[in-house]
Structure formats: C-alpha cells, structure tokens
Amino acid sequence: MSEFSGVTPGLVCSHHHLYSALARGMPAPAETPERFLQILERVWWRLDAALDLEMIEWSAKLGAVEALMSGCTAIIDHHESPNAIDGSLSVIADACSEVGVRVSCAYGVTDRHGPAGATAGLAENERFLRDGGRGMVGLHAAFTCSESTIEEAIGLAEDLEVGIHVHVAEGVVDSGAGAALARKAQSNWLLVHGVYLPDGIDLEGTLVHNPRSNMNNAVGYAEPTRFKIPVALGTDGIGADMLDEFRLAFVKLRELDVTAGPETPWKWLEAGWDLMPEARDDVVSWNYPTMEPWHLAYTTGVRAGDIVIDGEPVLRDGLPTRVDVDEVRAKALEQAKRLFAKLD
Ligand SMILES: [Zn+2]
C-alpha cells in the first residue's frame, strides 16, 4: 500500500455471495426469524431455491459493478442456487469478467436437498475448475453436509490443488460440526466466520471475518484476534465496500478493547492480497489523499474515482467503463421482481 497517498491497490472482498445482490427489498417472511437458523431457513434458503441462471447473471453484474465503484477489484465468491446448479459458476465468472472485476468462484455443496443435490454441487465445482475457472471447492457448512460429502469435497480440492471455502461455526447450530471440520483445514482453506470456534483451537488456513453480517444476524462476535492464523475481511454478501467493512471491524474490535488501533483490522484487509495477489497490481485512485488506517478508520465517504486493471481503465470518475451502471441496475431490478414473484 502506498501510504499517505490517494492511490492503493485494488481491495479484496474475501467472502461474498454475489447472488444476494437481488435480495434487497425482498418480501419479509410470514413469520419473523428469531434465530440464525430461522434466518437461513426463512430468508436465504427461500431465496437461493428460487434463483435461475438469468437472475444469477444480473445479480453478479450488479454486485461486480458495486464492488468496482467501492474500489474492490477482486471478489472471493461463495455461491448456492440449488435449482440452477449446473453452469452457475461460469455465469458468475463471465458476469464479473464483463464488468472487469476479478473473481474466485466456489459452489457451496450441501446435503440439505439430499445426496443428489450434494453430487450436483460437487460436479459444478469440478466442472468449473477443470475448465480452467479460478476458484475453490465450496461447502455450505459442516452442519448441512454429510460426512461423506465433506470427505468427497476435501478429496476433490486436493485433486485439483485448491482450497475449501466454507462457513465454519457461524452460529451455535454449527459449533460442534464446524469446529470438527475446521480442524481438518489446510493452509489454502478459507474458514468463514468462526464465531463459535473454541479459544486456542489449532487451525490452518485463513479465517474470514464478516463483522456487518455477524451483527446483522446477531450471532455474536468472532473476536478474530483470538486466532493465530491470518484473518481476512469479507462482507458475506452485503455489498463489497471494503473500507466500510474495515471501519466496522475496527469499531467492533474497539467495543471489546478500547486500546485497539486500526492497524489490526487494516492487516485483515491487507490479507486479501495474499488470497488474490493479482489485485496488488490494480491501481485505485481515491477521492481522499491520505489512505492510511488512522485516517480511514474515521473518514466516511471515501470513494474510488479511477481504477486501472492490466492497463485498462475499468472505472473512470467513479463509473464503470465497460457497462452502463443504470442499465445494470434496471436489469437487476427486473430480475429481482421475477425472483420475488417466485418466492413461496
Ligand atoms: Zn457467507
């Protein structure tokens, strides 16, 4: 990072769900969820079951456009669409490529739709990665996967020499199974959340902290400083404004320890460059001259102006150059209406 200048490398969102860009304004569930598992069942698992490939395409484009406009040039995505699995990762990769954002894709394999669903999810990861797609093998979370599905996913990841991207101990419901899975992690795995991982657990890989999502779901605080492994920052699908996520990570840490400085959450933001190293070469010019942790921790409204990736301007004066942002928003809104109409 070129400190004390208004230029940085591209920021990295280390855990995203691009499909959730269409979720804003979705009809509320008939019964208000009161626990994390009910939020999954009544919001996210209703939504993902209704997704088709066209919805996924425009959701990903909107998410990619908004990432770019926030100075985020690389996204590590985790996808699920149980009724449109085959080809879904390519749709996301193509949408991001059209906008000019780097993406790493993974399909979140799960047994919540039976063994056939798990097999189809594994097959989509394999198809995409063997075709040369950039990504990881995805698992939803240990508590929704059978032991054999987990073992198959680990075998596939080893075979393809990529890591596993998985939610771990996000809520109490996954505390035991999530910790057991986390103990199997290798250095190229992404362990997402880890709120209920026990103190002192011996881990490999990178832990991805998503402070806004954890607060929004009231699952508790992960206390990322507990872990010896690297910590990175994600949004868990709520946009890709990584400076905003950094600010939240900072104040959440301060709530626990008022002596904490912003260098720690800044390090978490920087850890994204170890996961998506190409983003270091991207050049983001900001509307603020002093891009250093103590300034950014307390300065809101810092916006990306211009972004150059591989010599090509993909953002100019805050607007994407390859796609029309108004058209992307309009098309995404149309798809959101189709999606909401399909919800049970
Ligand atoms: Zn997630």
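Structure shown above.
Note that the structure is predicted; figures quoted are calculated from it, not measured.

On to the environment of L333, then. Positionally, L333 belongs in helix α12 (residues 325-342). For L333, a count of 15 C-beta atoms within 10 Å gives the class partly exposed. As for L333 and L22, which are separated by 311 residues in sequence, their C-alpha atoms are 7.4 Å apart.

In this section: the sheet that holds strand β3 (residues 72-77). The three strands are arranged β2-β3-β4 in an open sheet whose pairing can be described as parallel. Two strands lie at the open edges of the sheet, namely β2 (11-16) and β4 (102-104), each paired on one side alone. Recorded for the sheet is a direction-independent mean angle of 15° between the axes of neighbouring strands. Bridge analysis of β2 against β3 gives four bridges, and the strand direction is parallel. Across the sheet, V12 pairs through a bridge with A74, a residue of β3. Sitting on the sheet, helix α2 (residues 53-69) is in contact with β2 and β3, with an inclination near 140° to β3.

This paragraph deals with the packing of helix α4 (residues 114-130) against helix α5 (residues 147-160). Packed helices, taken two at a time, are described by their axes: the angle between them and the distance between them. Between α4 and α5, whose axes approach to 11 Å, the crossing angle comes to 5°. As summarised for this structure, α4 and α5 are arranged roughly parallel, according to the angle between their axes. Where α4 approaches α5, its residues A118, L122, N125, E126 and L129 are matched on the opposing element by T149, E152, A153, L156 and L160. Partitioned by chemical class, the residues of the contact of α4 with α5 number six nonpolar, two polar and two charged.

To continue, consider the nonpolar core. With 101 residues, the main nonpolar core has L68, C72, I75, I92, C96 and L191 as its most contacted residues. By residue number, the principal contributor to this core is α2, which donates nine residues. When residues no more than four places from it in sequence are discounted, the contact partners of I92 are L18, I56, A60, D77, H79, V103 and C105.

Among the six residues of β3, six are classified as buried, and the element is accordingly described as predominantly covered. For the crossover from β3 across helix α3 (residues 88-99) to β4, the handedness is right-handed.

Strand order in the open sheet made by the six strands is β5-β6-β7-β8-β9-β10, with parallel pairing throughout. Each of the sheet's edge strands pairs with one partner strand only, and the pair in question is β5 (108-109) and β10 (231-233). In this structure, strand β7 (residues 164-168) lies alongside strand β8 (residues 190-193), joined through four bridges in parallel fashion. Counted as the bridge partner of H165 is L190 from β8. α5 rests against β5, β6 (137-141) and β7 of the sheet, and its axis sits at about 155° to β6.

Turning next to unusual backbone geometry. A positive phi is found at D236, a non-glycine position, where the angle reads about 60°. By the element assignment, D236 lies in the loop between β10 and α8 (242-256). For D317, which is not glycine, the phi dihedral falls at a positive 50°. Structurally, D317 can be placed in the loop between β13 (312-316) and β14 (319-320). Overall, D317 belongs to the exposed group, with 8 C-beta atoms counted inside 10 Å.

Conventions used here
- Residues numbered from 1 in each chain as written.
- Predicted model: local features only at pLDDT ≥ 70, side-chain atom pairs only at ≥ 80, totals over all residues.
- Helix = DSSP H or I, 4+ residues; strand = E, 2+ residues; numbered from the N terminus.
- Buried ≥ 20, exposed ≤ 12 C-beta atoms within 10 Å, placed from the backbone.
- Pairing = 2+ DSSP bridges.
- Axes fitted to C-alpha atoms, helices over the stretch in contact; angles between N-to-C directions.
- Contact = placed C-beta atoms within 7 Å.
- Parallel < 35°, antiparallel > 145°, perpendicular 65-115°, else oblique.
- Nonpolar A, V, L, I, M, F, W, Y, C, P; charged D, E, K, R; others polar.
- Core = buried A, V, L, I, M, F, W, Y, C linked by C-beta atoms within 7 Å.
- Right-handed = clockwise from strand over helix to strand, strands pointing away.

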